[in-house]
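# A look at the structure
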Amino acid sequence: MYLEIVSPEAVLFSSEVDSVVVPGVQGEFQMLDNHAAIVSVLGKGIVKIHVHTQEHLEFDELSGDVNPEIDDDKILTLKIKSGTVEMKDNKVTILAD
């Protein structure tokens, strides 16, 4: 599935991923490949991006907030204050503050 994380300033992340875990207001939840369509409000927390490999990722200078997890280089993390997430047609779009 394809994940795009957008802040008011820039696109923070844009790539194919295996799954993504987001901090919903009622608790965190995970979306996998071919997940049902969903729109949800996000709360303060950490977005966990599961990638197969980092070789294909191209980080520009604006994606400095997306960091590899210390224990597992296949998991990238991003702290957010709030936002919304939409999953549709195997594309996840996160609008993050």
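Residues numbered from 1 in each chain as written. Predicted model: local features only at pLDDT ≥ 70, side-chain atom pairs only at ≥ 80, totals over all residues. Heavy atoms only, no water.

## Details of the overall build of the protein chain
Across its full length, the protein chain holds zero helices and 10 strands. Along the protein chain, helices (α) and strands (β) appear in the sequence β-β-β-β-β-β-β-β-β-β when read from the amino end. Here the protein chain holds 97 residues, and the buried ones make up 40% of them. Contacts in the protein chain between residues at least 24 apart in sequence constitute 57% of all its contacts with a sequence separation of at least 6. For the protein chain, the exposed surface amounts to about 5900 Å²; the carbon and sulfur share of it is 49%. (Helix = DSSP H or I, 4+ residues; strand = E, 2+ residues; numbered from the N terminus. Buried < 20%, exposed > 50% of the residue type's maximum accessible area, 1.4 Å probe, protein only. Contact = heavy atoms within 4.5 Å. Areas by Shrake-Rupley, 256 points an atom, 1.4 Å probe, with all protein chains shown as cover.)

## What to know about unusual backbone geometry
With a phi close to 65°, N34 is a non-glycine residue in the positive phi region. Of note, N34 is situated in the loop between β4 (27-32) and β5 (38-42). Despite not being glycine, D89 has its phi angle at roughly 55°, a positive value. On the basis of relative accessible area, D89 is assigned to the exposed category, the value being 71%.

## With respect to the pairing of strand β1 (residues 2-6)
Inspection of the sheet shows β1 paired to strand β2 (residues 11-16) by five bridges, in the antiparallel sense. By the bridge assignment, I5 is partnered in β2 with F13. Linkage of β1 to β2, two consecutive antiparallel strands, is achieved through a turn of four residues. (Pairing = 2+ DSSP bridges.)

## Here we look at the nonpolar core
Core analysis: the biggest nonpolar cluster contains 22 residues, and L3, I5, V20, V47, I49, V92 and I94 have the highest contact counts within it. Elements represented by at least two residues in this core include exactly β1, β2, β3 (19-24), β6 (45-50), β8 (75-80), β9 (83-88) and β10 (91-96). Residues within four places of V92 in sequence aside, it is in contact with M1, Y2, L3, E4, V20, M31, V85, E86 and M87. (Core = buried A, V, L, I, M, F, W, Y, C linked by side-chain atoms within 4.5 Å.)

## What about the pattern of salt bridges?
The tally for this structure, following the rule as stated, stands at one salt bridge. Residues E4 and K91 are paired through a salt bridge, measuring 3.9 Å at the closest nitrogen-oxygen approach. Of this pair, E4 sits in strand β1 while K91 sits in strand β10, and the two are 87 residues apart along the sequence. Relative accessible area serves as the criterion here: at 35%, K91 is assigned to the partly exposed category. (Salt bridge = Lys/Arg side-chain N within 4 Å of Asp/Glu carboxyl O.)

## Remarks on the confidence of the model for the protein chain
Averaged over every residue, the pLDDT of the protein chain is 88; the share at 70 or more is 88%. Confidence, expressed as mean pLDDT per element, reaches its minimum in the protein chain at strand β7 (residues 67-68) with 78 and its maximum at β9 with 98. (pLDDT = per-residue confidence, 0-100.)

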